[in-house]
Amino acid sequence: MDTDFSTHEVTNQPSPLVDYNLFTSNQALRAALAFNAPRLDTAGLDTLGQLLGTSRMQAHARMANVATPQLHSHDRFGRRIDEVEFHPAYHALMAEAVAAGLHGSPWASAHGDAQHVARAAGFMLFTELEPSILCPISMTYAVTPALRGNPRVYADWSAGLTSRSYDPRLAVWRDKPGLTMGMGMTEKQGGSDVRSNTTRAVADGQDDWGARYRVTGHKWFMSAPMCDAFLILAQTGSGLSCLFLPRVLPDGSRNAIRIQRLKDKLGNKANASSEVEFHGASAWLVGEEGRGVAQILEMGTLTRLDCALGTSGLMRQALGIALHHTSQRQAFGKPLDAQPLMRNVLADLALESEAACALSMRLARAFDRSDLPQERLLARVLTPISKFWICKRGSHFAQEAMECLGGNGYVEEGGEGVMARIYREMPLNSIWEGAGNIMAIDLLRALRKGDTRDVLLAELSAARGAHAALDHLLDALPHRMEAMSSEIEARRLSQDIALAMQACLLCQTAPTAVFDAFCDSRLAGNWGQVFGTLGSGLNLDGILARARPI
Ligand SMILES: Cc1cc2nc3c(=O)[nH]c(=O)nc-3n(C[C@H](O)[C@H](O)[C@H](O)COP(=O)(O)OP(=O)(O)OC[C@H]3O[C@@H](n4cnc5c(N)ncnc54)[C@H](O)[C@@H]3O)c2cc1C
């Protein structure tokens, strides 16, 4: 009977991109690792890359985004519970991310040689599978430097925050083999300008964790509300302060955190993002009273690194799917990737993807070497540059990669539907953890210190003489950085420093085909306003061969 409805045979539709090793097939990432961590044993990344490419993990990623988190404010008897229920696929993804140490491996390792770089590579690979569950993973990774501001809480929580066991239960910290943490800064009246926070914290005595407070107020965005604890900002008598707020109190009772709603978001569907209220919730001071912004920014700095890594991972995923599809889909008598103009688009995307990978991995290295003053300064300046530029490029990139798949790119179904998910996810890394303008303005703040400018210029000097257009930009940068007095040009400066840094890194890590085409297009002006406008005469074969996922 079926044949009555079969008018045709299905042809010219690509096979799914599945069962391949995300790590071994990623030459740009492997080059960045060889550059930033030449002695790193990559066996763990190889295993992770293999796992993340399987159909089983892809199915978990799909289900976690289809069966989205549900808030249960009350139980069926009417008691307040404030629980978020997740599909088992979400927990399966979380368990693998924790098992891979993406939530804290650098803090667990006694001799941390290149541990941030190794973890960054794993984070980027995992993003290719599913980015939204990485929100609590990223926040847990990022919290350690800030949480050390309360040594007693840190002593109790650090083992759980770095353990490789995932435990989603709501229970007191000491009964859990694994812990996660989130952050609450943004309020209704202000997110970038957190000084406008109205949440209040009133002193409530001292105990084993130091100065305790009672917190009353709200947060307009607080992602992953099922985390075991949060760092939040609240006003004390001395000003905005950073506080540690657990969901379950040391005596086993629930803290007074009310989840009002979950956000209905454009993308990032597997992750719950909530609006919360604190009704006299107990919290403990972290760092000094009145120095809360500086304290919590120690966490924000690392989540910003993850925004750059995450977008680089999404770019790589979109590029891989586009390359795979266009190698199998034919139009006008040959594969799409044999059509000259499609080759231009794909090669242009490949340049962008490799440049993003190179820059974000270099930033990760700066955190590994924070024992060196110059690397600390570099981390300070490369964080806003990377977060600004890479995340800004993400949405354009996703749109163009999606278009390589034609109509298939725009549908939600099946493996190809991942493109729609990537596209919806892309703007987020640019918005949260400090939106674009905030990053560009932060760069100006960082550049006010002469030492920082010197360190950046020394880093850029590694590529002196490699390309005339890069030299030209490097000649101009010292004056532009020193003379920059108005915020109005901050985006332009951020963009140009990012491009110079990316070119400089590609000069050291990528084949000539990639470096030349990057400089020719991005620096020498031989380029248009959209992807696919590379000039003629470039080695597109070399660029494409390097980028292919399989
Ligand atoms: C899905 C999602 C999850 C989130 N999860 C969390 C979370 O877990 N915890 C948390 O604390 N927050 C979270 N946020 C909030 C996020 O960090 C903020 O939305 C972000 O920091 C921007 O703040 P805002 O929304 O108040 O926008 P605003 O501060 O109003 O900014 C709006 C725009 O104005 C620009 N702007 C602001 N000041 C200036 C200026 N001086 N000059 C030029 N331009 C300026 C900004 O760049 C931005 O483009 C989340 C957001 C989203 C979308």
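Residues numbered from 1 in each chain as written. Predicted model: local features only at pLDDT ≥ 70, side-chain atom pairs only at ≥ 80, totals over all residues. Heavy atoms only, no water.

Draft legend 1. View of the site of the ligand. Taken together, 20 residues are adjacent to the ligand, and Met 185, Thr 186, Gly 191, Ser 192 and Ser 223 come closest. A distance of 2.6 Å separates an oxygen atom of the ligand from a polar side-chain atom of Ser 192. Here an oxygen atom of the ligand and a backbone polar atom of Ser 223 are 2.7 Å apart. Relative to its unbound accessible area of 970 Å², the ligand is 67% covered by the protein chains. Among the elements of the structure, strand E3 (181-184), strand E5 (210-223), helix H12 (418-431) and helix H13 (436-447) are those that each provide at least two residues to the shell around the ligand. Residues of the shell around the ligand, tallied by class, amount to ten nonpolar, eight polar and two charged. (Near = heavy atom within 4 Å. Polar contact = N/O pair within 3.5 Å; in protein donor to acceptor, adjacent residues only side chain to side chain. Areas by Shrake-Rupley, 256 points an atom, 1.4 Å probe, with all protein chains shown as cover. Helix = DSSP H or I, 4+ residues; strand = E, 2+ residues; numbered from the N terminus. Nonpolar A, V, L, I, M, F, W, Y, C, P; charged D, E, K, R; others polar.)

Draft legend 2. Up close: the packing of aromatic side chains. What the rule picks out here adds up to nine aromatic pairs. Judged by centre distance (5.0 Å) and plane angle (80°), the rings of Trp 209 and Trp 284 are edge-to-face. On the criterion of sequence distance, the pair formed by Trp 209 in the loop between strand E4 (200-207) and E5 and Trp 284 in strand E9 (residues 273-286) is long-range, its members being 75 residues apart. Of the two residues examined, Trp 209 and Trp 284, each falls in the buried class. Stacked on the ring of Trp 220, the Lys or Arg Lys 263 has its end atom at 3.3 Å from the ring centre. The ring of Phe 221 carries Lys 263 above its face, with NZ or CZ at 4.3 Å from the centroid. (Phe/Tyr/Trp six-rings, centres within 6.5 Å; stacked < 30°, edge-to-face > 60°. Buried < 20%, exposed > 50% of the residue type's maximum accessible area, 1.4 Å probe, protein only. Lys NZ or Arg CZ within 6 Å of the ring centre and 35° of its normal.)

Draft legend 3. Representation of the state of the cysteines. Here the structure, examined in full by the defined rule, presents zero disulfides. Free of any disulfide, Cys 307 has its nearest cysteine sulfur in Cys 391, 5.3 Å distant. Of the cysteine sulfurs around Cys 519, a residue in no disulfide, the closest is that of Cys 507, at 7.6 Å. (Disulfide = S-S within 2.5 Å.)

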